[in-house]
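Observations on chain architecture
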Amino acid sequence: MRATMHRALVFVLLLGVAYAKFENYEGTSVYEFSVKNGAEAKLMQQLEKELDLDIWAHPGPSRPGTVLVPKQLKGEFEYKLKFAGIQHKVQVDNIKEYMELEDKLLTSAKSQRANVTAAGLSFDRVYTWEDIDQYLEVLAEAYPDTVTVVNGGSSVERRPMKYLKISTTNFQDKSKPVIYMQSLLHAREWITQAASLYAIHRLVIDVTERDMRNDFDWIIVPVANPDGFVHTHGISGTFRYWRKNRSTDYGLLCMGVDLNRNFDVIFGTGSSDNVCSDTFHGAGPFSEPETQVIRDIIAEHKDRMELFLDIHSFGSWILYGYGNGTLPANALYTHLIGVQMAQAIDAVKKSYNPDYVVGNTALMLYEASGSAADYAISVGVPFSYTYELPGLRFDPGTLFGFLVDPAFIEQAGFETWEGIKVGARYARNSYRARKGLL
Ligand SMILES: [Zn+2]
């Protein structure tokens, strides 16, 4: 009798634990909205500040925006949009249900699989920072001729910021361009790790295009914001949508700096000086250890770095600088390569995702300063792009933004790699022409 009661109690407690996740998102809705002109866009920006809303995706030409609205603000939000005549509709009524779904699907994928080995990862789950950190070490040990793991420095919370150097010539052959790639600079953009891990897979374990491995030296930083990423896995899913790093330099009320606004390029012009904002740019350029690590990698390889790729989510965009609308000298060529990359992805994408759109960040979406990709251009890297991977769908017709459908992980890696290959091959030609190697 007592044992039965005990078991029942444990069951109830477990049930309680299972359902206690994501509590702070109960009743939070995802809205889609469209803006017809500059005035409406401005109004949305005001509302974003006023209600402290989390805009997931900014609206672009013929593409709606997406915003997360907590339960208690929905009435006011809807009233204000209606009053201003801004088109909007509820995409997801209660995001908590889908957060639970993501959690359940990823947990069950995890339970079925063996762990991190040199034979490669299975592309059906999101790996933790610890998994990835271990994986980089395992690969460097298993493939010493091509893979080197480097610890570039420490994050705010003292995590090592490790990255891989992949090269058949130990970075000694100056006739090869360097390609730089990073993901998870924004903590909540979990799907982006698939792009880096898939690229590593194709360059090290299952090499299907030999020129990709032989003709380039690769630098891949899978987790550019380790503390933020760890935080998104934290207590009861409360911080699933955390974006910034975990700096405490600005008081404890609000933490963190948007690392993609902290680079030394047009600093502070398209970002926030409010510590609590998701686009807070920090005390000054490179105030954060994570951006310093990336800056130093670029500096070390600048002479040969031909292509810089910063992988984000979401929205199916390939964006290039500058974030204030000024175009780089090679803008036309930059745009054309962007289009070729986009077409390569579109050719193999899932039909329920929209085609990629290519353009300048500010002209397409919004002004953004201090970004990693802009910084790379500013110090002389010829081609630099921010990818925004597709918003994922558990079923067609519903947008899930940052949430990951395990069924899409391998596809995300695969299709993004199709784009990267095209960019890399253009970069190879451009590098050879630039260095007189043709
Ligand atoms: Zn991002």
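Where an unreviewed UniProt entry is consulted, the protein chain appears under the name Peptidase M14 domain-containing protein, with the organism given as Plutella xylostella. Under Cofactor (unreviewed entry), UniProt gives the following word-for-word description of the protein chain: "Zn(2+)".

Another aspect to go through is the packing of helix H10 (residues 331–346) against helix H13 (residues 406–434). Following both chains from N to C, one finds H10 and H13 inclined at 145 degrees, their axes separated by 7 Å at the closest point. Crossing angle aside, the handedness with which H10 passes H13 is right-handed. Here Tyr333, Ile337, Gln340, Met341, Ala344 and Ile345 of H10 come into contact with H13, specifically with Glu415, Thr416, Glu418, Gly419, Val422, Gly423 and Tyr426. When its residues are assigned to classes, the contact of H10 with H13 shows seven nonpolar, four polar and two charged.

Counting across every chain of the model gives one cavity of 30 Å³ or more. Its volume calculated, the largest cavity comes out at about 50 Å³. Forming the walls of the largest cavity are Trp129, Ile132, Asp133, Leu136, Pro160, Met161, Lys162, Pro222 and Val223. For the lining of the largest cavity, the secondary-structure elements that each account for two or more residues are helix H5 (129–142) and strand S6 (160–166). Considering each element in turn, the lining of the largest cavity owes the most residues, four residues, to H5. For the lining of the largest cavity, the residue count by class is seven nonpolar, no polar and two charged.

Attention now moves to the UniProt feature "active site" (unreviewed entry) in the protein chain. This chain's UniProt record puts "active site" (unreviewed entry) on Glu388. Checked against the element boundaries, Glu388 lands in strand S12 (residues 383–389). Apart from the residues within four sequence positions on either side, Glu388 is in contact with His312, Ser313, Phe314, Gly315, Ser316, Trp317, Leu319 and Tyr356. A polar contact of 3.4 Å, which involves the side chain of Glu388, links it to the backbone nitrogen of Ser313.

Attention shifts here to the sheet that holds strand S11 (residues 357–360). Overall, mixed pairing links the eight strands, which are arranged S5-S6-S8-S7-S9-S12-S10-S11 in an open sheet. Each edge of the open sheet is held by one strand with a lone partner, namely strand S5 (147–154) and S11. Taken over all neighbouring pairs, the strand axes of this sheet differ in orientation by 20 degrees on average, direction set aside. In terms of strand pairing, strand S10 (residues 317–320) meets S11 through four bridges, oriented parallel. For Tyr320, the partnering residue across the bridge sits in S11 and is Asn360. Each of S5, S6, strand S7 (178–183), strand S8 (217–221) and strand S9 (305–313) is contacted by helix H9 (residues 289–301), which is oriented at about 25 degrees to S6, the strand it contacts most. Where H10 meets the sheet, it contacts S10, S11 and S12, and its direction lies at approximately 35 degrees from that of S12.

The next point concerns the coordination of the zinc ion. Protein-derived coordination of the zinc ion comes from His186 (ND1), Glu189 (OE), Glu189 (OE) and His312 (ND1), at a distance range of 2.1 to 2.5 Å. Because the angles between the four donor atoms bound to the zinc ion fall within 56 to 139 degrees, the donor set is best described as irregular. Along the chain, the residues donating to the zinc ion are arranged with the sequence spacing H-x2-E-x122-H. A residue pair is termed long-range when its members are at least 10 positions apart, and His186 in the loop between S7 and helix H6 (192–205) and His312 in strand S9 qualify at 126 residues. As far as the burial class goes, His186 and His312 line up, both buried.

The next point concerns the packing of aromatic side chains. The way to describe two aromatic rings as a pair is by their centre distance and the angle between their planes. Overall, the coordinates contain 20 aromatic pairs when judged by the stated rule. Note on Phe263 and Phe286: the rings are 5.5 Å apart at their centroids and 75 degrees apart in plane angle, and the pair reads as edge-to-face. With Phe263 in the loop between helix H8 (226–232) and H9 and Phe286 in the loop between H8 and H9, this residue pair connects regions lying 23 residues apart in the sequence. Judged on exposure class, the residue Phe263 and its partner Phe286 are both buried. Feature note: the residues Tyr25, Trp56, Tyr241, Phe314 and Phe402 constitute an aromatic cluster, connected by ring pairs. A cation over a ring is seen here: Lys165 above Phe171, with NZ or CZ 4.6 Å from the ring centre.

This structure, assessed with the given rule, holds one disulfide. Each sulfur in the disulfide pair Cys254 and Cys276 lies 1.9 Å from the other. Its S-S torsion of about 95 degrees marks the bond between Cys254 and Cys276 as right-handed, since a negative value means left-handed. With Cys254 in the loop between H8 and H9 and Cys276 in the loop between H8 and H9, the pair connects residues that are 22 residues apart, well separated along the chain.

All right, on to the nonpolar core then. Formed by 58 residues in total, the largest nonpolar core has its most connected members in Ile191, Ile200, Trp218, Ile318, Tyr385 and Tyr387. In contact with Ile191, other than residues within four places in its own chain, are Ser313, Leu389, Leu392, Val404, Phe408, Ile409 and Ala412. Judged by nonpolar contacts, the second largest core, of 26 residues, contains Val178, Val221, Ala224 and Ile298.

Taken in spatial order, the four strands of this open sheet run S2-S3-S1-S4, and their pairing is antiparallel. Only two strands of the sheet have a single neighbouring strand rather than two, namely strand S2 (54–57) and strand S4 (87–92). Going from strand to strand, the sheet's axes swing by 30 degrees on average, the running direction of each strand aside. When strand S1 (residues 29–34) meets strand S3 (residues 65–69), the two strands line up antiparallel, connected through five bridges. Its bridge partner being in S3, Val30 is matched across the sheet by Leu68. Along the sheet face, helix H3 (residues 74–84) touches S1, S3 and S4 and points at about 10 degrees away from the line of S1.

On to the packing of H5 against H6. Contact geometry of H5 with H6 gives a least axis separation of 13 Å together with a crossing angle of 10 degrees. By the angle between their axes, H5 is roughly parallel relative to H6. From H5, Ile132, Tyr135, Leu136 and Leu139 reach across to H6, where they touch Gln193, Leu197, Ile200 and Ile205.

Calculation notes
Residues numbered from 1 in each chain as written. Predicted model: local features only at pLDDT ≥ 70, side-chain atom pairs only at ≥ 80, totals over all residues. Heavy atoms only, no water. UniProt positions renumbered as here; feature names shortened; annotations may be inferred. Axes fitted to C-alpha atoms, helices over the stretch in contact; angles between N-to-C directions. Helix = DSSP H or I, 4+ residues; strand = E, 2+ residues; numbered from the N terminus. Left-handed = near helix turned anticlockwise from the far one by under 90°. Contact = heavy atoms within 4.5 Å. Nonpolar A, V, L, I, M, F, W, Y, C, P; charged D, E, K, R; others polar. 1 Å grid on protein atoms, 1.4 Å probe; cavity = no way out; pocket = protein on both sides within 12 Å on 5 of 7 lines; lining within 4 Å. Points joined across faces, edges and corners; volume = space filled by probe spheres on them. Polar contact = N/O pair within 3.5 Å; in protein donor to acceptor, adjacent residues only side chain to side chain. Pairing = 2+ DSSP bridges. Donors = N, O, S within 2.8 Å, 3.2 Å for Na, K, Ca; no water. Tetrahedral: all angles 85-135°; square planar, octahedral: opposite > 155°, others 65-115°. Buried < 20%, exposed > 50% of the residue type's maximum accessible area, 1.4 Å probe, protein only. Phe/Tyr/Trp six-rings, centres within 6.5 Å; stacked < 30°, edge-to-face > 60°. Lys NZ or Arg CZ within 6 Å of the ring centre and 35° of its normal. Disulfide = S-S within 2.5 Å. Core = buried A, V, L, I, M, F, W, Y, C linked by side-chain atoms within 4.5 Å. Parallel < 35°, antiparallel > 145°, perpendicular 65-115°, else oblique.

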